[in-house]
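# Architecture at a glance
Now for the letters of each chain:
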Amino acid sequence: ALRASFAPNAQKTNQSHQYHLQPQASYKVAVLGAAGGIGQPLALLIKMSPLVSDLHLYDIANVKGVAADLSHCNTPSQVKDFTGASELANALKGIDVVVIPAGVPRKPGMTRDDLFNINAGIVRDLVSAVADNCPDAFIHIISNPVNSTVPIAAEVLKQKGVFDRKKLFGVTTLDVVRANTFVAQKKGLKLIDVDVPVVGGHAGITILPLLSKTRPTASFADEEIQELTIRIQNAGTEVVEAKAGAGSATLSMAYAAARFVESSLRALDGDGDVYECTFVESEVTELPFFASRVKLGRKGVEAVITSDLQGLTEFEQKALEALKAELKASIEKGIDFASKQA
Ligand code: NAD
Ligand code: LMR
């Protein structure tokens, strides 16, 4: 779907500029943190979507040039820039999908939780503005630690009386993208076919790829399962170390976030066959938040696919139990932070 809809130029079928079989550009998307390492390539990929009519780019600095630059691409969306807190409300009015990659990234030696002290407050303030200005929007949280920032966002929305669990998403698409890539490489499969659900959370052992549920069906030796699971869980750190102080994944993250935006827009547009893994409030486990594969529809999460957690291998079942303590603590840390501010 990503390949099909990100064609840089919608195909014109005749001289009168009629577009046939092309989706209508009608959705409004805002990126908060749009001048950053993720924000810039993500904005470019969203600018290429034929489903987007308006692209609002918000940051605390440097966003004017990014918007001017992108606005020259001959794709349908209108790009507008918004700088600083005084322009945030206008950036959000009328928006259908808000994507939040604002905040600091890791450096070598740091965990995602080490970012909490800075990013928790950034996410709280941005989501508070979302609650005031576009409470019906789908909200995609990229800022780390996702295991805590999503509960913070939920708490802020609850305090403002506008929380809809179907519309708040922690973006874990990059874990799926990585799992698909690594599994295809290891098993010599065609990349485009491979789909591995990744559940749990988005940090270390809370990232749980369900290799037994890989489609098309693939069989793995025990060592392959060990090796692939650890590689997927450490892939973020792999990039942080390779960048050696210059940040974390930005390009693969932008690709993954653009896929999640496109899936959300297709769902809003009435496509009845959109599934993504994402960190949401749910009852699939005893934890209040958990990344699961969900069916997306016009109103957000239409169904959480609970069957993914049935019939797990012994390895997966153990890993599921083992991740719960850390994930629970990260969720509670987020909720505590947001409750204390109320
Ligand atoms: P970056 O430092 O390159 O960019 C962050 C941007 O956020 C900057 O432009 C900065 O000005 C902006 N910003 C800071 N405070 C802001 C505020 N209050 N309002 C609006 N914008 C603000 O960082 P990056 O590499 O783009 O990463 C951003 C975040 O995404 C980090 O927290 C990182 O850990 C996270 N991340 C998550 C995933 C995931 O899979 N969910 C993957 C990669 C990175
Ligand atoms: C990732 O998985 O790449 C992101 O969460 C960034 C990081 O800190 O690893």
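Residues numbered from 1 in each chain as written. Chains lettered and ligands numbered in written order. Predicted model: local features only at pLDDT ≥ 70, side-chain atom pairs only at ≥ 80, totals over all residues.

The protein chain is annotated in an unreviewed UniProt entry as malate dehydrogenase from Acacia crassicarpa. UniProt, in the comment section headed Sequence similarities (unreviewed entry), describes the protein chain in these words: "Belongs to the LDH/MDH superfamily. MDH type 1 family." (UniProt positions renumbered as here; feature names shortened; annotations may be inferred.)

We now examine the UniProt feature "domain: Lactate/malate dehydrogenase N-terminal" (unreviewed entry) in the protein chain. UniProt marks residues 28-170 with the feature "domain: Lactate/malate dehydrogenase N-terminal" (unreviewed entry), using the numbering shown here. Taken end to end, residues 28-170 has its terminal C-alpha atoms 20 Å apart, with 38% of it in helix and 21% in strand. (Helix = DSSP H or I, 4+ residues; strand = E, 2+ residues; numbered from the N terminus.)

Lining the immediate environment of ligand 1, one finds 32 residues, of which Gly-33, Gly-36, Gly-37, Ala-102 and Asn-144 sit closest. In terms of residue class, the shell around ligand 1 is built from 18 nonpolar, 12 polar and 2 charged. (Near = placed C-beta within 6 Å. Nonpolar A, V, L, I, M, F, W, Y, C, P; charged D, E, K, R; others polar.)

Looking now at helix H6 (residues 146-159). One full turn of an α-helix is made of 3.6 residues, so residues set three or four places apart face in the same direction. Look at H6: 20 Å from first C-alpha to last across 14 residues, which is about the 20 Å you get at 1.5 Å a residue. Taking burial as the measure, the 14 residues of H6 include 12 buried ones, the bulk of the element. Within H6, burial applies to Val-146, Asn-147, Ser-148, Thr-149, Val-150, Pro-151, Ile-152, Ala-153, Ala-154, Glu-155, Val-156 and Leu-157. Looking at the buried residues of H6, the elements they touch are helix H5 (116-133), strand E5 (138-141), strand E6 (168-170), strand E9 (274-281), strand E10 (289-297) and helix H11 (314-341). Positive backbone phi, approximately 70 degrees, marks Gly-161, located one or two places after H6. (Expected span 1.5 Å × (residues − 1). Buried ≥ 20, exposed ≤ 12 C-beta atoms within 10 Å, placed from the backbone. Contact = placed C-beta atoms within 7 Å.)

A word on the site of ligand 2. Taken together, Pro-105, Arg-106, Arg-112, Asn-144, Leu-174, Gly-236, Thr-237, Val-239, Val-240, Ser-248 and Ala-249 form the complete shell of residues around ligand 2. For the shell around ligand 2, the element with the highest residue contribution is helix H9 (residues 235-243), accounting for 4 residues. The residue inventory of the shell around ligand 2, partitioned by class, reads 5 nonpolar, 4 polar and 2 charged.

The alternating pattern of E5 places Phe-138 and His-140 on one face and Ile-139 and Ile-141 on the opposite face, and all of these are buried. Between strand E4 (residues 97-100) and its parallel partner E5, the chain crosses via H5, and the hand of that crossover is right-handed. By the bridge criterion, 3 bridges tie E5 to E6 in an arrangement that is parallel. Looking at E6, one finds that Ile-139 is bridged to Leu-168. (Right-handed = clockwise from strand over helix to strand, strands pointing away. Pairing = 2+ DSSP bridges.)

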